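Overview (structure and organization)
These are the residues of each chain, in order.
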Amino acid sequence: AAAGVARPASIAGSAGAGNASRTGGSYVGAPLPAPDAEGMPEVVGSRGAVRAPGAPAARFAFGSCSKHDHEQPMWGAVAASQPDVWIWLGDNVYVDEKALPGTQSFRWKGERAMREAYNAQLAEPGYARVLRRAEVIGTYDDHDYGLNNAGKEWEHKRLAARLTLDFLGEPRGSDRRARGARSGIYESYVYGEPGRRTRVVLLDTRFERDPLPPLSDVLGANGRIRTHADMLGEEQWRWLERTLAEGPRAELTILASSVPILPALSTFALGWAEIEGFHRFPASRQRLLRLLSSTNTTGVVMLGGDYHLALIDEWDARCTPLGYPLIDLVSSGLTHAADDTVPFWGAAPSYDLAAPNGVVHFGLAGVPFERDVFLEKNWGMVEVDWDAPGGARVHLSVRDVRGAAVLQRSVRLAELAPPAGFDARASWDLMGGRYDSTTGRCVLEEDTSGWRTVGPAVYVAVAVLAAV
């Protein structure tokens, strides 16, 4: 697959042309907003088709990693799926760039470029179709926050929070606006009536995140926590506990994070130190599991982005303090993905032979963390069928540019609850993972020595096939 092609300057640049029509809060083919008093273009975003309090929502589409100056082929399929809610999971625009080509050194493009990027995205006609149909909510990740892998040390984080909320059409004076100036843009949304209620929890994994711990503190720790670096910050932790414990009870909780919560991609990606995720913050991941357990939160489904590929990860019910399986649906990216950015995946004839539909199987028999991975552009969908035979059912899928499901998992909502008499305290110290039937114990991916041995060999083999 070829890399994304830059869009015309009339859309991508700061001097758009066309009719001055405005739909759903986005400027479709129109000049960008007039500069503010400081000469900066104003960002006037939109929440889309906002749903009334208590209104049902059964179709939650989401995506991440969208370059505002690239072709955006996904929106037609997203709109055709008729989502009730669209969730941005971060890297919604890109406002940093490589300082040195071929390196992981990045630099911020500046405030004007950030504002222009959001306005370019709002001018995208395909996105306007989604705004007319769906309520739009979301959070940021690092590239729209301002700098690759940045956390609480980022000096422009309050600007990033404010402009992200502008883009999302967050009302002035809202509680979320106040939090965004203080501790992050985390938020919770509730849809549906009691008995058919879905809560979407958006985490902020940037504003108060500690610096990324070294991989030596993560890989091969064998269940020991070597670093207590924090992902969320104390104010967000307190808010999350209150939200889950005191807020309206929900039968389904969609826990949305800009970076994946369960997978540990660093483990098989040659230990690449740049890869982020909750696995790099094991104390925070364990604290999150314990919080879900202590608040008796059932029906949890996790969403993640960032990785430029898609997968569905699942942890065994025997390995968490919740007493039921955890599922993480990861979707990335909307305009570019691994087959664009990893040369030997996209260019190798063997890629097309091994994965004609973009799905590659990683892993070997006997290694607990083998999985299917989709390497092409993608977006995700969570669908709830409250009237399914046998009880409510949740269907999770990764969709391609045509809207076809390339990875999917269906689960009854009743399966996402602990069995009667489950003693959470007896499982309090469990850190998650998959159950290894050969050893009879739970294994975290980052502790799987087989991955660290096999992973580099797999990559070398694929590279050799690409060369020939």
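Here is a short report on the structure shown in this document. (Residues numbered from 1 in each chain as written. Predicted model: local features only at pLDDT ≥ 70, side-chain atom pairs only at ≥ 80, totals over all residues. Heavy atoms only, no water.)

Attention now goes to unusual backbone geometry. Backbone torsion omega between Ser-332 and Gly-333 reads -5°, so that peptide bond is classified as cis. Relative to the helices and strands, Gly-333 resides in the loop between β13 (326-330) and α10 (338-341). Even without glycine at this site, Asp-91 takes up a positive phi of about 55°. Secondary-structure assignment places Asp-91 in the loop between β4 (85-89) and β5 (96-98). Taking relative accessible area as the criterion, Asp-91 reaches 1% and is therefore assigned buried. Phi angles above zero are rare outside glycine, and His-308 is one such case at about 60°. Within the secondary structure, His-308 sits in the loop between β11 (300-304) and β12 (310-315). (Helix = DSSP H or I, 4+ residues; strand = E, 2+ residues; numbered from the N terminus. Buried < 20%, exposed > 50% of the residue type's maximum accessible area, 1.4 Å probe, protein only.)

The next subject is the side chain of Arg-209. Structurally, Arg-209 can be placed in the loop between β9 (198-202) and α8 (234-246). The exposure class of Arg-209 is buried, given its relative accessible area of 2%. A polar contact is formed between the side chain of Arg-209 and the backbone oxygen of Asn-149, at a distance of 3.0 Å. (Polar contact = N/O pair within 3.5 Å; in protein donor to acceptor, adjacent residues only side chain to side chain.)

With their axes 10 Å apart at the nearest point, α8 and helix α9 (residues 282-294) run at an angle of 20° to one another. In terms of their interaxial angle, α8 and α9 are classed as roughly parallel. Here α8 and α9 pass one another in a crossing that is right-handed. Counted together, Glu-234, Trp-237, Leu-240, Glu-241 and Leu-244 of α8 and Ser-284, Arg-287, Leu-288, Leu-291 and Leu-292 of α9 form the full contact between these two elements. (Axes fitted to C-alpha atoms, helices over the stretch in contact; angles between N-to-C directions. Parallel < 35°, antiparallel > 145°, perpendicular 65-115°, else oblique. Left-handed = near helix turned anticlockwise from the far one by under 90°. Contact = heavy atoms within 4.5 Å.)

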